[in-house]
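What the coordinates show
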Amino acid sequence: MRETLVAGARGLYLAIVSLAGSITLFVFAVLSIAFIVLGIGVFTTPWVLTAVRKFADLRRVQAGEWADVHIPSPYRKYPADLRSGVTGQVERCSLMLKDPATWRDLQWLLVDMTAGFVVVIFAPALVLYPVYGWVLALGVWKPIYNAGGGEWYGFIHVNSQMAANGAAALGTGLAVLALFANPAIVRGHFLLSRTLLAPTASMRERALTQRVDRLEETRHDAVDTSAAELRRIERDLHDGAQARLVAMGMDLGTIEALVEKDPAKAKEMLAKARQNSGEALTELRDLVRGIHPPVLAERGLGDAVKALALRLPVATDVDVDLAGRADEPVEAAAYFAVSETLTNAVKYAEADRIWVDVHHEHGMLRIAVTDNGKGGAAVGTGSGLSGIERRLGTFDGVLAVSSPVGGPTMVTMEIPCELS
């Protein structure tokens, strides 16, 4: 019963939205595109089509949550270097009109306001119409009959108590039908939407090609990053621990020669050698921690991020909601991405408060790092954020940055993965 009523309420909502929302957006979209020849549409069309896409995306989300009908998003991504201002607006308008998904959205609006409405309106009707049959049987048919000669309920002409009882019986039958039909009706509405909102075979092929290109690019980035990391480790070993160990070996040779001739000098050099060994050990530990922190290996990403936060000179709140652990490479990529983001926030943002949120849902590891600093951060060539983006791209992850001048700055990272 509850599922039937919920489906009826959702059907009523979808019916209203299908009429009001789809008609309004379709009219605005057609007018805006038509006004492109006048120059006005170049500026209004991206805004209107963005609203259409948000409307369609909302329906995609509802399809998955309400009817378990999954509809992937087919839209092409904008180039990362898309310009701003008038030139960027014209380019954005051109890109949206060249996207086949835009025209399929407009077709969907037409279908949604017609066939989509007709299909889904039956869900609330099967819940509400039986109530009217029962109301007629309770005696309401009499004043209606006296005023105008009777009322039709479905195929029953209600002009007597017996006919009113028949209307109540028909209403009961419709209510029973609603128990089985309402969820299917709502699902049918979303299946109809999927025929136009889901990507076509050619779109999927194009998306697959883009994905292959993306993976090829990130593979090269991963190779370059690994080579750079190896060079860094080699340099740190050569300039740090290795140099100290060599010096310690030379000191030990000198001590061996002095131990009988000048014990005091040998003792002094032993103390120096001991100091060098301690410093070399510290540098080796720091180097190992930079490759793969022990706390990350032993306790997982959540505790490793909390340990990072404790070492920061800025007050940092960490919220972790992970039901398990991701694969080691994913955890390492996420950890170092968070570490670099926090470092940037401390060094450049001039923030006095940082918030880190780490959670996993729908097969996606999501991390948000927010600070109350001066803002102005952007992903660009040579910036630390670009390095983070390349690191995440190796795992098909994405980076989004919101950092208006004056702050706050929010860096959001997403990596597809499963927890164990």
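We now turn to the structure provided with this report. Keep in mind that this is a model prediction, so the values were computed, not measured.

The first and last C-alpha atoms of helix α1 (residues 2–34) sit 46 Å apart over 33 residues, in line with the 48 Å expected at 1.5 Å per residue. Taking the largest bend as the criterion, α1 deviates by roughly 30°, centred on V17.

For the rest of this paragraph, the subject is a nonpolar patch on the surface. Judged by side-chain polarity, L19, I23, V27, L31, F35, V37, L38 and I40 come together as a nonpolar surface patch covering roughly 730 Å² of accessible area. With respect to the helices and strands, I23 occurs in helix α1. Among the residues examined, I23 registers a relative accessible area of 35% and is labelled partly exposed.

Even without a glycine there, the phi angle at D68 is positive, about 55°. Secondary-structure assignment places D68 in the loop between α2 (41–67) and α3 (85–98).

Of note, T394 is situated in the loop between α11 (384–393) and β6 (398–402). A relative accessible area of 31% means that T394 is categorised as partly exposed.

A word on the environment of G188. One can find G188 in helix α6 (residues 161–197). Since its relative accessible area comes to 25%, G188 is described here as partly exposed. Taking C-alpha positions, G188 is 7.5 Å from V119, a pair spaced 69 residues apart along the chain.

Inspection of every chain in the model, using the stated rule, returns nine salt bridges. The partner of R366 in a salt bridge is E414, and the shortest N-O contact between them spans 2.8 Å. With R366 in strand β5 (residues 364–371) and E414 in strand β7 (residues 409–416), the pair connects residues that are 48 residues apart, well separated along the chain. With relative accessibility at 22%, the residue E414 sits in the partly exposed group. A single salt-bridge network, built from bridges that share partners, covers D57, R60 and D105.

Let us look at the pairing of strand β4 (residues 353–361). Direction of pairing for strand β3 (residues 315–321) relative to β4: parallel, over a ladder of seven bridges. Following the sheet pairing, D317 is matched in β4 by W355. Of the pairings in the sheet, the one linking β4 to β5 comprises eight bridges and is antiparallel in character. Residue pairing in the sheet places H360 in a bridge with L365 of β5.

What follows concerns empty space enclosed by the protein. Evaluation of the coordinates by the stated rule reveals one cavity of 30 Å³ or more. Empty space within the largest cavity amounts to approximately 30 Å³. What lines the largest cavity is simply L301, L322, G324, R325, A326, E331, L365 and L419. Taken together, the residues of the lining of the largest cavity break down into five nonpolar, one polar and two charged.

Attention shifts here to the nonpolar core. Grouped together as the largest cluster of nonpolar side chains are 31 residues, with contacts concentrated most on F55, V69, I71, W108, L109, V186 and F190. Elements that contribute at least two residues to this core include exactly α1, α2, α4 (100–120), α5 (122–148) and α6. In this structure, I71 is in contact with R60, A63, F190, R194, L197 and A198, ignoring residues within four places of it in sequence. Judged by nonpolar contacts, the second largest core, of 30 residues, contains A304, L308, A332 and L342.

Another point: the sheet that holds β4. Taken in spatial order, the five strands make up an open sheet running β3-β4-β5-β7-β6, and their pairing is mixed. Either end of the sheet is taken by a strand with one partner, and the two such strands are β3 and β6. Here the strands of the sheet are splayed against their neighbours by 10° on average, with no regard to which way each runs. Across the sheet, helix α10 (residues 328–347) touches β4, β5 and β7, and the angle it forms with β5 is around 10°.

End to end, α6 covers 50 Å across 37 residues, agreeing with the expected 54 Å (1.5 Å per residue, within 8%). Of all the bends in α6, the greatest, near 50°, is centred on F180, and the proline P183 appears no more than four residues after it.

Relative to the elements of secondary structure, S22 occurs in helix α1. The residues touching S22, leaving out its near neighbours within four places in the chain, are V17, F55, L109, D112 and M113.

Rules behind the numbers
- Residues numbered from 1 in each chain as written.
- Predicted model: local features only at pLDDT ≥ 70, side-chain atom pairs only at ≥ 80, totals over all residues.
- Heavy atoms only, no water.
- Helix = DSSP H or I, 4+ residues; strand = E, 2+ residues; numbered from the N terminus.
- Expected span 1.5 Å × (residues − 1).
- Bend = angle between axes of the 7 residues up to and from the residue.
- Patch = residues over 30% accessible without salt bridge, like charges linked within 9 Å, V, L, I, M, F, W, Y side chains within 5 Å.
- Areas by Shrake-Rupley, 256 points an atom, 1.4 Å probe, with all protein chains shown as cover.
- Salt bridge = Lys/Arg side-chain N within 4 Å of Asp/Glu carboxyl O.
- Buried < 20%, exposed > 50% of the residue type's maximum accessible area, 1.4 Å probe, protein only.
- Pairing = 2+ DSSP bridges.
- 1 Å grid on protein atoms, 1.4 Å probe; cavity = no way out; pocket = protein on both sides within 12 Å on 5 of 7 lines; lining within 4 Å.
- Points joined across faces, edges and corners; volume = space filled by probe spheres on them.
- Nonpolar A, V, L, I, M, F, W, Y, C, P; charged D, E, K, R; others polar.
- Core = buried A, V, L, I, M, F, W, Y, C linked by side-chain atoms within 4.5 Å.
- Contact = heavy atoms within 4.5 Å.
- Axes fitted to C-alpha atoms, helices over the stretch in contact; angles between N-to-C directions.

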